[in-house]
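Read off the chains here:
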Amino acid sequence: MPRKLVKLIHSEIAAQRLTPDAALSAPRHPIIVMLDNVRSLYNVGSVFRTCDAARVEKLILTGYTPHPPRKEIAKTALGAIESVPWEYHNDPLIAAMELKQQGVKIAVLEQTDGSIPYYALKPNDFPLCIIAGNEISGVRRELVEIADIAFEIPMYGVKHSLNVAVACGIAVFGAVRTVGK
(Lines give C-alpha, C1' and ligand atoms only; values in the text may rest on other atoms or scores of the structure.)
Protein backbone atom coordinates (compact mmCIF):
# COMPACT_ATOMS: atom_id res chain seq x y z
CA MET A 1 0.00 0.00 0.00
CA PRO A 2 1.43 3.44 -0.92
CA ARG A 3 2.52 5.72 1.88
CA LYS A 4 -0.03 8.39 2.78
CA LEU A 5 1.34 11.87 2.12
CA VAL A 6 1.11 14.52 4.82
CA LYS A 7 1.22 18.20 3.95
CA LEU A 8 3.95 20.11 5.77
CA ILE A 9 2.96 23.06 7.92
CA HIS A 10 4.64 26.46 7.57
CA SER A 11 7.05 25.97 10.48
CA GLU A 12 8.24 22.62 9.05
CA ILE A 13 8.87 24.22 5.67
CA ALA A 14 10.58 27.27 7.21
CA ALA A 15 12.93 25.01 9.22
CA GLN A 16 14.28 23.66 5.91
CA ARG A 17 14.95 27.10 4.40
CA LEU A 18 17.80 29.56 4.67
CA THR A 19 17.43 32.73 6.68
CA PRO A 20 17.61 35.94 4.62
CA ASP A 21 21.11 36.65 5.98
CA ALA A 22 22.30 33.11 5.21
CA ALA A 23 20.80 33.35 1.73
CA LEU A 24 22.89 36.42 0.93
CA SER A 25 26.12 34.58 1.72
CA ALA A 26 25.16 31.15 0.32
CA PRO A 27 26.61 29.93 -2.99
CA ARG A 28 24.50 31.03 -5.94
CA HIS A 29 23.77 29.64 -9.37
CA PRO A 30 25.74 31.37 -12.17
CA ILE A 31 22.56 33.00 -13.47
CA ILE A 32 21.73 36.69 -13.64
CA VAL A 33 18.21 37.82 -14.48
CA MET A 34 17.69 41.16 -16.20
CA LEU A 35 14.28 42.79 -16.61
CA ASP A 36 14.06 45.48 -19.26
CA ASN A 37 11.12 47.89 -19.32
CA VAL A 38 8.79 45.58 -17.42
CA ARG A 39 5.84 47.76 -16.42
CA SER A 40 4.06 45.82 -13.70
CA LEU A 41 5.23 46.24 -10.13
CA TYR A 42 3.58 42.90 -9.34
CA ASN A 43 5.53 41.13 -12.10
CA VAL A 44 8.74 42.60 -10.67
CA GLY A 45 7.83 41.34 -7.20
CA SER A 46 7.08 37.90 -8.60
CA VAL A 47 10.45 37.79 -10.38
CA PHE A 48 12.15 38.69 -7.08
CA ARG A 49 10.51 35.60 -5.55
CA THR A 50 11.63 33.42 -8.46
CA CYS A 51 15.20 34.75 -8.14
CA ASP A 52 15.16 33.97 -4.43
CA ALA A 53 13.77 30.47 -4.97
CA ALA A 54 16.41 29.69 -7.61
CA ARG A 55 19.17 31.49 -5.67
CA VAL A 56 20.41 33.32 -8.76
CA GLU A 57 23.49 35.51 -8.62
CA LYS A 58 21.51 38.73 -8.94
CA LEU A 59 18.57 40.53 -10.47
CA ILE A 60 19.17 43.59 -12.64
CA LEU A 61 16.27 45.98 -13.22
CA THR A 62 16.64 48.32 -16.20
CA GLY A 63 14.87 51.00 -18.19
CA TYR A 64 11.54 52.04 -16.72
CA THR A 65 11.20 48.80 -14.75
CA PRO A 66 10.08 49.86 -11.26
CA HIS A 67 12.41 49.01 -8.40
CA PRO A 68 12.29 48.94 -4.59
CA PRO A 69 11.24 50.51 -2.40
CA ARG A 70 7.68 50.13 -3.66
CA LYS A 71 4.90 48.56 -1.60
CA GLU A 72 3.46 46.78 -4.66
CA ILE A 73 6.79 45.06 -5.35
CA ALA A 74 7.20 44.17 -1.68
CA LYS A 75 3.68 42.71 -1.57
CA THR A 76 4.40 40.10 -4.25
CA ALA A 77 8.08 39.64 -3.38
CA LEU A 78 7.13 38.48 0.14
CA GLY A 79 10.53 39.40 1.59
CA ALA A 80 12.64 38.35 -1.40
CA ILE A 81 13.86 41.93 -1.82
CA GLU A 82 16.06 41.30 1.23
CA SER A 83 17.39 37.92 0.05
CA VAL A 84 18.13 38.66 -3.62
CA PRO A 85 21.08 40.82 -4.60
CA TRP A 86 19.71 43.39 -7.05
CA GLU A 87 20.69 46.56 -8.81
CA TYR A 88 19.14 49.13 -11.10
CA HIS A 89 20.66 50.37 -14.37
CA ASN A 90 18.94 52.89 -16.59
CA ASP A 91 20.52 51.54 -19.79
CA PRO A 92 20.26 47.75 -20.24
CA LEU A 93 22.64 47.77 -23.19
CA ILE A 94 25.48 49.16 -21.07
CA ALA A 95 24.72 46.65 -18.30
CA ALA A 96 24.62 43.74 -20.77
CA MET A 97 27.88 44.79 -22.44
CA GLU A 98 29.60 45.00 -19.04
CA LEU A 99 28.42 41.46 -18.30
CA LYS A 100 29.70 40.24 -21.67
CA GLN A 101 33.11 41.76 -20.89
CA GLN A 102 33.11 39.71 -17.67
CA GLY A 103 32.52 36.50 -19.65
CA VAL A 104 28.78 36.22 -19.01
CA LYS A 105 26.74 34.97 -21.97
CA ILE A 106 23.68 37.05 -22.79
CA ALA A 107 20.47 35.09 -23.41
CA VAL A 108 17.31 36.86 -24.47
CA LEU A 109 14.03 35.17 -23.65
CA GLU A 110 12.49 36.03 -26.99
CA GLN A 111 11.11 34.51 -30.16
CA THR A 112 13.61 35.04 -32.98
CA ASP A 113 14.49 33.30 -36.21
CA GLY A 114 17.26 31.50 -34.31
CA SER A 115 15.65 30.79 -30.93
CA ILE A 116 16.24 27.47 -29.23
CA PRO A 117 13.87 25.91 -26.70
CA TYR A 118 14.65 26.87 -23.08
CA TYR A 119 15.49 23.26 -22.26
CA ALA A 120 18.25 23.17 -24.93
CA LEU A 121 20.70 25.28 -22.89
CA LYS A 122 24.06 23.56 -22.31
CA PRO A 123 26.33 23.63 -19.23
CA ASN A 124 28.94 25.61 -21.20
CA ASP A 125 26.35 28.42 -21.66
CA PHE A 126 27.07 29.55 -18.08
CA PRO A 127 27.56 32.02 -16.51
CA LEU A 128 24.38 33.29 -18.13
CA CYS A 129 22.30 36.46 -18.04
CA ILE A 130 18.65 35.84 -18.90
CA ILE A 131 16.98 38.99 -20.23
CA ALA A 132 13.19 39.28 -20.22
CA GLY A 133 11.46 42.28 -21.70
CA ASN A 134 8.33 44.36 -21.72
CA GLU A 135 4.99 42.61 -21.29
CA ILE A 136 3.79 43.76 -24.74
CA SER A 137 6.85 44.37 -26.93
CA GLY A 138 9.30 41.86 -25.42
CA VAL A 139 13.06 42.33 -25.39
CA ARG A 140 14.21 45.42 -27.25
CA ARG A 141 15.93 44.92 -30.61
CA GLU A 142 19.30 46.29 -29.47
CA LEU A 143 19.55 43.62 -26.78
CA VAL A 144 18.52 40.86 -29.19
CA GLU A 145 21.29 42.00 -31.56
CA ILE A 146 24.05 41.61 -28.94
CA ALA A 147 22.71 38.36 -27.47
CA ASP A 148 24.75 35.18 -27.57
CA ILE A 149 21.62 33.06 -27.28
CA ALA A 150 17.92 33.55 -27.99
CA PHE A 151 15.72 31.02 -26.31
CA GLU A 152 12.01 30.59 -25.93
CA ILE A 153 9.31 28.57 -24.25
CA PRO A 154 7.46 26.53 -26.87
CA MET A 155 3.80 27.60 -27.18
CA TYR A 156 1.31 24.87 -28.07
CA GLY A 157 -1.94 26.82 -27.77
CA VAL A 158 -3.45 29.87 -29.40
CA LYS A 159 -1.51 32.50 -27.46
CA HIS A 160 2.07 33.20 -28.50
CA SER A 161 3.48 34.20 -25.12
CA LEU A 162 3.23 33.88 -21.34
CA ASN A 163 3.14 36.49 -18.61
CA VAL A 164 6.70 37.78 -18.15
CA ALA A 165 6.93 36.61 -14.53
CA VAL A 166 5.69 33.12 -15.44
CA ALA A 167 8.09 32.96 -18.40
CA CYS A 168 10.99 34.03 -16.16
CA GLY A 169 10.13 31.29 -13.71
CA ILE A 170 10.18 28.61 -16.39
CA ALA A 171 13.39 29.95 -17.96
CA VAL A 172 15.25 30.38 -14.67
CA PHE A 173 14.39 26.93 -13.35
CA GLY A 174 15.20 25.41 -16.73
CA ALA A 175 18.61 27.08 -16.47
CA VAL A 176 19.07 25.85 -12.88
CA ARG A 177 18.31 22.33 -14.02
CA THR A 178 20.91 22.61 -16.78
CA VAL A 179 23.67 24.06 -14.62
CA GLY A 180 22.89 21.66 -11.76
CA LYS A 181 21.86 22.15 -8.17
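In the block above lies the structure referred to throughout.
Now for a description of the structure that goes with this document.

Definitions and cut-offs
- All residue numbers refer to position in the chain's written sequence, counted from 1.
- Restriction of local features to residues with pLDDT of at least 70 applies here, the model being predicted, together with a cutoff of 80 or more for giving and counting side-chain atom pairs; totals for whole chains, interfaces and linings are based on all residues.
- Calculated side-chain values reflect all of the structure's heavy atoms, with hydrogen atoms and water omitted.
- Any Lys or Arg side-chain nitrogen found within 4 Å of a carboxyl oxygen on Asp or Glu counts as a salt bridge.
- Secondary structure counts use DSSP, requiring at least four H or I residues in a row for a helix and at least two E residues in a row for a strand, with both numbered from the N terminus.
- Each residue gets one of three labels from its accessible area relative to the maximum for its type: buried under 20%, exposed over 50%, partly exposed in between, using a 1.4 Å probe on protein chains only.
- In this description, strands pair whenever DSSP reports at least two bridges between them.
- Whether a crossover is right-handed comes down to one check: with the strands pointing away from the viewer, does the path from the first strand over the helix to the second run clockwise; if it does, it is right-handed.
- For every element, the axis is a line fit to its C-alpha atoms; helices are fit only across the contacting stretch, and the angle between N-to-C directions ranges from 0 to 180 degrees.
- Here the word oblique covers every angle except those under 35 degrees (roughly parallel), over 145 (roughly antiparallel) and from 65 to 115 (roughly perpendicular).
- When the near helix sits turned anticlockwise from the far one by under a right angle, the crossing is termed left-handed; a clockwise turn instead gives a right-handed crossing.
- Here a residue-residue contact requires only that any non-hydrogen atoms of the pair lie within 4.5 Å.
- Charged residues are taken to be Asp, Glu, Lys and Arg, nonpolar residues to be Ala, Val, Leu, Ile, Met, Phe, Trp, Tyr, Cys and Pro, and polar residues to be all remaining types, Gly included.
- For the charge count, each Lys or Arg is scored as positive and each Asp or Glu as negative, with His and the chain ends excluded.

Let us look at the pattern of salt bridges. Tallying each qualifying case throughout the model produces 8 salt bridges. Close ionic contact of Glu135 with Arg39 constitutes a salt bridge, the shortest N to O distance being 3.7 Å. Here Glu135 is found in the loop between strand E6 (128-132) and helix H7 (141-146), whereas its partner Arg39 is found in the loop between strand E1 (29-36) and helix H3 (41-54), with 96 residues between them in sequence. A salt bridge links Asp148 to Lys100; the nearest nitrogen and oxygen atoms lie 3.0 Å apart.

Our next topic: the pairing of E1. For E1, the buried fraction is high: 7 of the 8 residues fall into the buried class. In this sheet, strand E2 (residues 56-62) lies alongside E1 in parallel orientation, the contact comprising 6 bridges. Each residue of the ladder has a partner; that of Ile32, found in E2, is Lys58. The handedness of the E1 to E2 crossover, carried by H3, is right-handed. Where E1 lies against E6, 5 bridges are found, and the strand directions are parallel.

Where H3 meets helix H8 (residues 164-179), the axes come as close as 9 Å, and the angle between the chain directions of the two elements is 15°. On the basis of their axis angle, the class for H3 and H8 is roughly parallel. When the axes of H3 and H8 are compared, the crossing they make is right-handed. Together, Asn43, Ser46, Val47, Thr50, Ala53 and Ala54 of H3 and Val164, Ala165, Cys168, Gly169, Val172, Phe173 and Val176 of H8 make up the contact between the two elements. Its residues assigned to classes, the contact of H3 with H8 comprises 9 nonpolar, 4 polar and no charged.

This next bit is on the side chain of Glu110. Inspection of the secondary structure assignment puts Glu110 in the loop between strand E4 (105-109) and strand E5 (116-117). Here Glu110 is buried and forms no salt bridge, its nearest opposite-charge partner Arg140 lying at an N-O distance of 10 Å.

Turning next to the environment of Pro92. Summarising the element assignment, Pro92 is placed in helix H6 (residues 92-101). When its relative accessible area of 1% is taken as the criterion, Pro92 is described as buried. For the pair formed by Pro92 and Ile13, sequence separation is 79 residues and the distance between their alpha carbons is 37 Å. When residues no more than four places from it in sequence are discounted, the contact partners of Pro92 are Met34, Asp36, Thr62, Gly63, Arg140 and Leu143.

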